[in-house]
Amino acid sequence: MATIPSHNLLLPNPTINQSAHSLSFKPHTTHLNFPARSSPVAVTRALSTTDGASTSSRLDPVEKYEITAAEDVRRRDREAKESKSLRDTWRKIQGEDDWAGLMDPMDPVLRSELIRYGEMAQACYDAFDFDPFSRYCGSCRFTRKKLFDSLGIFDSGYEAARYLYATSNINLPNFFSKSRWSKVWSKNANWMGYVAVSDDSEATRHRLGRRDIAIAWRGTVTQLEWIADLKDFLKPVSGNGFRCRDPAVKAESGFLDLYTDKDTSCNFSKFSAREQLLTEVKRLVERYGDEEGDDLSITVTGHSLGGALAVLSAYDVAEMGLNRTKKGKVVPVTVFTYSAPRVGNIRFKERMEELGVKVLRVVNKHDVVPKSPGLFLNEHAPDALKQLAGGLPWCYCHVGEKLALDHQNSPFLKPSVDLSTAHNLEALLHLLDGYHGKGQRFVLSSGRDPALVNKASDFLKDHFMVPPYWRQDANKGMVRHTDGRWIQPDRIRAEDHHAPDIHHLLTQLHHPS
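Residues numbered from 1 in each chain as written. Predicted model: local features only at pLDDT ≥ 70, side-chain atom pairs only at ≥ 80, totals over all residues. Heavy atoms only, no water.

The protein chain is annotated in an unreviewed UniProt entry as Fungal lipase-type domain-containing protein from Brassica napus. Recorded under Subcellular location (unreviewed entry), the UniProt text for the protein chain is reproduced unchanged: "Plastid, Chloroplast". Here the protein chain is described in UniProt, under the heading Sequence similarities (unreviewed entry), as follows: "Belongs to the AB hydrolase superfamily. Lipase family." (UniProt positions renumbered as here; feature names shortened; annotations may be inferred.)

Core analysis: the largest hydrophobic core is formed by 61 residues, its most contacted members being Leu114, Tyr194, Tyr338 and Leu432. When sequence neighbours within four positions are dropped, the list of residues in contact with tyrosine 338 reads Leu114, Tyr117, Gly118, Thr301, Gly302, His303, Ser304, Val362, Leu425, Leu428, Leu429 and Leu432. Listed in part, the 52 residues of the second largest apolar core include Val197, Val285, Val399 and Leu509. (Core = buried A, V, L, I, M, F, W, Y, C linked by side-chain atoms within 4.5 Å. Buried < 20%, exposed > 50% of the residue type's maximum accessible area, 1.4 Å probe, protein only. Contact = heavy atoms within 4.5 Å.)

Remark: the centre distance and the inter-plane angle together describe each pair of aromatic rings, the angle taken between the planes. For the structure on display, the rule yields 15 aromatic pairs. Each ring, one from tryptophan 217 and one from tyrosine 259, has its centre 6.1 Å from the other, and the planes form 75°; the classification is edge-to-face. Of this pair, tryptophan 217 sits in strand E5 (residues 211-217) while tyrosine 259 sits in helix H7 (residues 253-260), and the two are 42 residues apart along the sequence. Taking the relative accessible area as the measure of exposure, tryptophan 217 reaches 1% and is therefore buried. Site record: aromatic cluster; members linked through ring pairs are Trp217, Phe242, Tyr259, Tyr315 and Phe348. Directly above the aromatic system of tyrosine 117 lies the positively charged group of arginine 116, at a separation of 4.5 Å from the ring centroid. (Phe/Tyr/Trp six-rings, centres within 6.5 Å; stacked < 30°, edge-to-face > 60°. Helix = DSSP H or I, 4+ residues; strand = E, 2+ residues; numbered from the N terminus. Lys NZ or Arg CZ within 6 Å of the ring centre and 35° of its normal.)

With that out of the way, let us pick up the pattern of salt bridges. Considering all chains together, one arrives at 35 salt bridges under this definition. Put simply, arginine 91 and aspartate 295 hold a salt bridge, and the shortest N to O gap is 3.5 Å. Of this pair, arginine 91 sits in helix H2 (residues 86-93) while aspartate 295 sits in the loop between helix H8 (273-288) and strand E8 (296-303), and the two are 204 residues apart along the sequence. Owing to a relative accessible area of 35%, arginine 91 belongs among the partly exposed residues under this scheme. A salt bridge links glutamate 280 to arginine 162; the nearest nitrogen and oxygen atoms lie 3.9 Å apart. On the criterion of sequence distance, the pair formed by glutamate 280 in helix H8 and arginine 162 in strand E3 (residues 158-167) is long-range, its members being 118 residues apart. On the basis of relative accessibility, which here comes to 5%, the residue glutamate 280 falls in the buried class. (Salt bridge = Lys/Arg side-chain N within 4 Å of Asp/Glu carboxyl O.)

Our focus in this paragraph is unusual backbone geometry. Cis peptide bonds are those with omega within 30 degrees of zero, and the linkage from aspartate 104 to proline 105 qualifies with 0°. Assignment of secondary structure puts proline 105 in the loop between H2 and helix H3 (108-127). With omega at -25°, the peptide bond leading from serine 372 into proline 373 counts as cis. At aspartate 155, a position not held by glycine, the phi torsion is positive, near 55°. Secondary-structure assignment places aspartate 155 in the loop between helix H4 (147-150) and E3. Its identity as a non-glycine residue notwithstanding, methionine 465 has a phi of 55°, on the positive side.

Printed below as a string of structure tokens:
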């Protein structure tokens with residue numbers, strides 16, 4: 001696909017030249033709301049520079065104002081990021097003060113980190129094999145050691161330490177992907193995400209200001225049928241082997257089953273996703289937790305159902321005390337979720353707060369998933385009703401802080417409300433890039449390519465001429481063999497198997513294998 005210029009995407013720039021190899025976003029008419037004006041103003045139109053005359057001399061005062069305003073927003077962002085680096089402020093960015101004063105106006109460092117961790121969650125989709133005609137459907141398309149490079153994420157500063165798998169035997173048929181062929185990599189497992197750790201390079205340490213353990217969970221790109229599969233029934237987490245002894249702490253039963261079930265006959269899911277995660281976090285915290293001169297953080301991210309798993313697993317890590325080093329140092333645990341549903345009841349929320357787990361939820365206000373489950377009985381219900389219904393198995397409560405975005409504020413996206421596109425992660429990252437605070441105009445900050453929105457959706461306005469659902473694997477993964485035949489190549493799976501010491505680590509965690 002052609003490279004799409006990513007700067008000055010909101011307003012015309014006379015220095016951009018059109019060619020057969022590049023596209024320029026120039027909407028015919030874009031309506032934008034400005035805090036100081038009561039009515040929207042059409043600000044973008046094609047500008048001709050063929051006569052060599054000064055473009056600025058032909059701009060009317062309104063256009064000059066709009067271009068200057070957009071440039072001012074970007075300049076302020078640059079200056080703000082230069083004045084305080086992530087290295088010096090990472091604890092606040094990780095929610096030390098519950099992001100007080102960082103979301104309105106939007107802190108540029110926080111925005112950058114939300115996009116970065118969102119892209120880690122997006123990597124789960126980009127690496128996942130959705131093709132039912134592939135014998136590797138339901139697996140990761142790339143080996144663990146080459147995950148980020150294979151996705152074109154060079155110099156990420158992270159290394160994938162472990163892949164996470166779950167059994168597909170539980171009752172969430174619309175979430176799992178399965179191959180139609182008889183000979184497949186696994187009949188009962190699906191790849192669910194990964195655990196990564198920041199590397200030892202000086203550049204990474206200088207940028208992050210600490211070592212970071214990142215956990216990313218896969219969700220659903222657009223299909224929302226899995227919501228209907230939820231039992232919408234809360235049950236005590238203690239019944240699924242969690243350390244919590246308070247029976248009042250409850251979570252949605254389908255999420256618990258997905259996280260804790262296993263299939264002992266399957267090489268990939270003979271240990272539950274929970275067991276895989278906890279043993280790897282234990283290993284990494286023991287290795288890096290007491291490094292001299294280095295702080296450590298645990299950051300969990302996920303989109304959609306993956307966001308629910310992110311909240312549940314972060315709670316589990318803290319409840320198990322795995323965020324405490326051998327020397328007693330407490331490692332901060334932070335969750336960044338995107339379009340995630342509710343996970344537990346109000347006691348679950350309170351317990352997460354007691355454990356010090358910080359959660360920031362990014363949502364599109366038109367998305368139905370964050371409003372589920374608990375459509376009627378939730379944190380917004382009157383206090384008297386919540387007290388009466390608190391013990392019921394379908395009274396839910398969101399955890400943490402919320403950053404609500406609106407796709408109708410973006411001049412790039414179709415304003416119509418479609419359930420699947422409103423739930424799209426790439427669209428949410430696009431909205432983050434243009435968000436500067438409540439009531440402030442939409443201006444792309446980092447120059448993130450809006451074409452990414454249409455990678456797995458049809459959400460961009462047609463006049464940007466970006467094809468919908470444009471991301472596809474070449475030849476559906478088929479390659480030409482040396483004998484001239486077209487085949488599906490084998491994938492190396494040996495390095496994705498469980499670590500040989502997992503039984504020992506589980507014994508230390510007091511969990512039966």
